[in-house]
Amino acid sequence: MIRSTTVIGVQRKDHIAIAADGQVTLGEATILKHKARKVRRLAGGRVICGFAGSVADAQALQDKFESKLESFGGNLKRAAIEFAKEWRTDKILRQLEALMLVADKETLLLVAGNGNVIEPDDGVAGIGSGGSYALAAARALVENTDLGAEEIARKSLEIAGQICVFTNDQITVEVI
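Residues numbered from 1 in each chain as written. Predicted model: local features only at pLDDT ≥ 70, side-chain atom pairs only at ≥ 80, totals over all residues. Heavy atoms only, no water.

Colleague: Please clarify how the environment of Thr107 should be interpreted in this entry.
Modeller: Inspection of the secondary structure assignment puts Thr107 in the loop between β7 (98-103) and β8 (108-112). Sequence separation between Thr107 and Val47 is 60 residues, and the spatial gap between their C-alpha atoms is 9.7 Å. Leaving out residues up to four positions away in the same chain, Thr107 has contacts with Gln11, Ile16, Leu76, Lys77, Val102 and Glu119. (Helix = DSSP H or I, 4+ residues; strand = E, 2+ residues; numbered from the N terminus. Contact = heavy atoms within 4.5 Å.)

Colleague: Could you clarify how one ought to interpret helix α1 (residues 55-71) in this entry?
Modeller: With 17 residues, α1 extends 24 Å from end C-alpha to end C-alpha; this agrees with the ideal 24 Å at 1.5 Å per step. Every buried residue of α1 is accounted for by Asp57, Ala58, Leu61, Gln62, Phe65, Glu66, Lys68 and Leu69. The buried residues of α1 occupy an angular sector of 165° when projected down its axis, which confines them to one face. Exposed residues pointing more than 90 degrees away from the buried face of α1 are listed as Ala56, Glu70 and Ser71. The secondary structure elements touched by the buried residues of α1 are β5 (39-42), β6 (47-53), α2 (76-89) and β7. Directly beyond the C-terminal end of α1, a positive phi value near 60° is found at Gly73. (Expected span 1.5 Å × (residues − 1). Buried < 20%, exposed > 50% of the residue type's maximum accessible area, 1.4 Å probe, protein only. Arc of directions from axis to C-beta.)

Colleague: Explanation requested: the packing of aromatic side chains in the structure shown.
Modeller: How two aromatic rings sit relative to each other is set out by the distance from centre to centre and by the angle between their planes. Inspection of every chain in the model, using the stated rule, returns two aromatic pairs. Taken together, a centroid distance of 5.4 Å and an interplanar angle of 70° make the contact between Phe65 and Phe83 edge-to-face. Taken together, the residues span a long stretch of sequence, with Phe65 in helix α1 and Phe83 in helix α2 at a distance of 18 residues. By relative accessible area, Phe83 is classed as buried at 0%. On the numbers, 5.4 Å between centres and 45° between planes, the contact of Phe83 with Trp87 is tilted. Of this pair, Phe83 and Trp87 both sit in helix α2, separated by four residues, roughly a single helical turn. Across the pair, Trp87 and Phe83 agree in class, each one buried. The rings of Phe65, Phe83 and Trp87 are connected pair by pair, giving a single aromatic cluster. (Phe/Tyr/Trp six-rings, centres within 6.5 Å; stacked < 30°, edge-to-face > 60°.)

Colleague: Is there a simple way to explain the pattern of salt bridges in this structure?
Modeller: Where charged atoms from two side chains of opposite charge approach closely, those side chains can pair. If you walk through the whole model with that rule in mind, you get 13 salt bridges. Here Lys85 makes a salt bridge to Glu82, at a shortest N to O gap of 3.1 Å. Taken as a pair, Lys85 and Glu82 lie in helix α2 at a separation of three residues, close to a single helical turn. A salt bridge links Glu150 to Arg154, with the shortest nitrogen-to-oxygen separation between them at 3.8 Å. Placement of both Glu150 and Arg154 in helix α4 (residues 149-161) is noted, with a separation of four residues, approximately one turn of the helix. Assessed through its relative accessible area of 31%, Arg154 is described here as partly exposed. Each of Arg37, Arg41 and Glu174 takes part in one network of salt bridges that share partners. (Salt bridge = Lys/Arg side-chain N within 4 Å of Asp/Glu carboxyl O.)

Laid out in structure tokens, this is it:
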């Protein structure tokens, strides 16, 4: 289990939001930073990516993923599948510990080092230590409100932050 952050992706109507908290935790009890940025834009702003896991590992993986996006002309699904295959089989990459949520204007994907590339059925995905809390909150908000993707992502992280000690209220959201 990655105990490092909480990232949520929400697809609603014509928008996809990926949001993350800002807490950086060392071990089980030390908060090192409150306002880390764990969501960023890739491919000239056409793709958003959020990560949970070791910062150095996640940064290396994002850079590698961005090069796959370039190789496949911005085709998110194809790039994610090829990236996940390489991540799983490459001797060095498979040692990196992180999970990623990636999205373009049409698709939200969870990408993992075990080769999984998952497009959620309901347009909601969560990763990190508080991911399941944010996921449950986001699903309830999707089913019971008319809020947009950004508002649902933000509110679900606020809820997760009230439950998970590895999640704080310093939220970054990117919308595409």
